[in-house]
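Geometric and topological summary
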Amino acid sequence: MAVEKIIVMALTYPELSKKHGPIVCVAGVNEYGEWRRLYPLPFKIWSEDDYKNIKFHKWDVIEVDVEKARHDPRKESMRVKDWRQIKVVGHIEDWSLRLSIVQELLDPDIETIVKSGRSLGVIKPREILDFYAKPRQRLKEDAEKLVLEKMEEADSTVTLLEYLGIKDEHLLPEVKEPDTKIEKLPWIGYRFYCRNPQCRGHEMMVIDWEAQELFRKYKVVEGPVKEKLFNYMVEERDLYFIVGNTWKYHKSFMIIGLFYPPKGTKTQKTLIPLFKKRAKPKTLDNFILKRE
Ligand SMILES: [Zn+2]
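Residues numbered from 1 in each chain as written. Predicted model: local features only at pLDDT ≥ 70, side-chain atom pairs only at ≥ 80, totals over all residues. Heavy atoms only, no water.

1. With respect to the sheet that holds strand β9 (residues 127-133)
Taken in spatial order, the three strands line up as β9-β10-β11 in an open sheet, and their pairing is antiparallel. Of all the strands in the sheet, just β9 and β11 (202-205) have a single pairing partner and so form its edges. The sheet shows a mean angle of 25 degrees between the axes of neighbouring strands, taken without regard to direction. Two elements, strand β10 (residues 188-193) and β11, share four bridges in a ladder whose sense is antiparallel. Note that in β11 the partner of G189 across the bridge is M205. (Pairing = 2+ DSSP bridges. Helix = DSSP H or I, 4+ residues; strand = E, 2+ residues; numbered from the N terminus. Axes fitted to C-alpha atoms, helices over the stretch in contact; angles between N-to-C directions.)

2. Structural notes on the packing of aromatic side chains
As enumerated under the stated definition, the model contains 12 aromatic pairs in all. Ring geometry for Y190 versus F241: centroids 4.9 Å apart, planes at 40 degrees, classification tilted. Note that Y190 is positioned in strand β10 and F241 in strand β12 (residues 240-245), a separation of 51 residues in sequence. Each member of the pair, Y190 together with F241, is buried. A network of ring pairs unites the aromatic residues W59, W95, Y240, F259 and Y260 as a single cluster. Here K134 stacks its cationic end above the ring of W187, 4.4 Å away from the centre of that ring. Above the face of the Y132 ring, R191 is positioned so that its terminal group lies 4.4 Å from the ring centre. (Phe/Tyr/Trp six-rings, centres within 6.5 Å; stacked < 30°, edge-to-face > 60°. Buried < 20%, exposed > 50% of the residue type's maximum accessible area, 1.4 Å probe, protein only. Lys NZ or Arg CZ within 6 Å of the ring centre and 35° of its normal.)

3. What to know about the sheet that holds strand β13 (residues 253-259)
Taken together, three strands build an open sheet; the order of strands is β8-β12-β13 and the sheet is antiparallel. In this open sheet, the two strands that pair with only one neighbour each are β8 (120-123) and β13. Sheet twist, expressed as the mean angle between neighbouring strand axes with direction ignored, is 30 degrees. Pairing of β8 with β12, which is carried by four bridges, proceeds in the antiparallel orientation.

4. Regarding the confidence of the model for the protein
Here the protein shows a mean pLDDT of 84. Residues at 70 or above account for 84%. Within the protein, no element has a lower average pLDDT than helix α5 (residues 160-164), which sits at 46, and none a higher one than β8, at 98. (pLDDT = per-residue confidence, 0-100.)

5. Side note on the coordination of the zinc ion
Listed as protein donors to the zinc ion are E111 (OE), C194 (SG), C199 (SG) and H202 (NE2); their distances from the metal cover 2.0 to 2.5 Å. Along the chain, the residues donating to the zinc ion are arranged with the sequence spacing E-x82-C-x4-C-x2-H. Here the residue E111 occupies a position in helix α3 (residues 110-116), and C194 occupies one in the loop between β10 and β11, the gap between them amounting to 83 residues. When its relative accessible area of 0% is taken as the criterion, C194 is described as buried. (Donors = N, O, S within 2.8 Å, 3.2 Å for Na, K, Ca; no water.)

6. Considering the pairing of strand β3 (residues 21-30)
Burial runs high along β3: 10 of the 10 residues are buried. Taken together, the five bridges between strand β1 (residues 2-11) and β3 define a ladder with antiparallel strand orientation. Counterpart to I7 in the pairing with β3 is V29. Sheet topology places β3 next to strand β4 (residues 35-42); six bridges connect them, and they run antiparallel. Paired with V26 across the two strands is L38, which belongs to β4. A loop of four residues connects β3 with β4, the two strands running antiparallel in sequence, and G33 in this loop sits at a positive phi of about 75 degrees.

7. Structural notes on the pattern of salt bridges
Summed over all chains, the structure comprises 19 salt bridges. The salt bridge partner of R191 is D130, with a shortest N-O separation of 3.8 Å. One end of the pair, R191, is in strand β10; the other, D130, is in strand β9, and 61 residues separate them in sequence. Here R191 makes a salt bridge to E203, at a shortest N to O gap of 3.5 Å. Taken as a pair, R191 in strand β10 and E203 in strand β11 lie far apart in primary sequence, 12 residues in all. Judged by its relative accessible area of 31%, E203 falls in the partly exposed class. Through salt bridges with shared partners, a single network forms among D130, K134, R191, E203 and K226. (Salt bridge = Lys/Arg side-chain N within 4 Å of Asp/Glu carboxyl O.)

Here it is, written out as structure tokens:
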């Protein structure tokens, strides 16, 4: 489709597919402020030295050649044509600039995102009640179960192609590393109220890479994990959730990224708009002279 500059705002914990090895989902926005999901990308970008020149992190700006992911109906989902050609062209370091970007994209509440039909969004919760781990037998959402199942493909015979219903193998990146082991993904997440006055509360799983990695290190929520992801985030930071739905369950959202500027961070006043405007497409309507 086109080469786009994308501000990387979220990276999810690698998912494992038996046939294609571990893959990562990246979310961000392009220069027009349009949400983008880049999926799948091979984990080896982050794990192997050979790719350190294209290895990117949150708030890096990357240049990628993308096209609409044909098998994924979500409008934000893009396939990277050749991940080896990814270019890291910049980085946004300043919290107030990051906040200005997030403010431009901010959704009022979860319900609005669901209604909009978008598959990605960002909210600032009204109140964060807890961060906790949920035992598997208590999982209610099919989407959560699906993600956990996907992580366990290493122990099953299902391949990523079968999972996504993709017939053409060439549509996937070459990430065949069947020996790579990734630990089972636990359900960890937040209980919170969004800003919808009618909100009845959310329990949302977190698949943000940093958060999952931290939990993997300590294995329990109590202690350093809760200290960082709850106490610190609530007391010293303003926590925002970047949320995304799953391919199969459009109404089920998960927290795919955490954005946490220090408390009191102010947005930057900029003279020029942060995002470019797309020219309005010409429709027949533009050519029809209106009679008063
Ligand atoms: Zn809500």
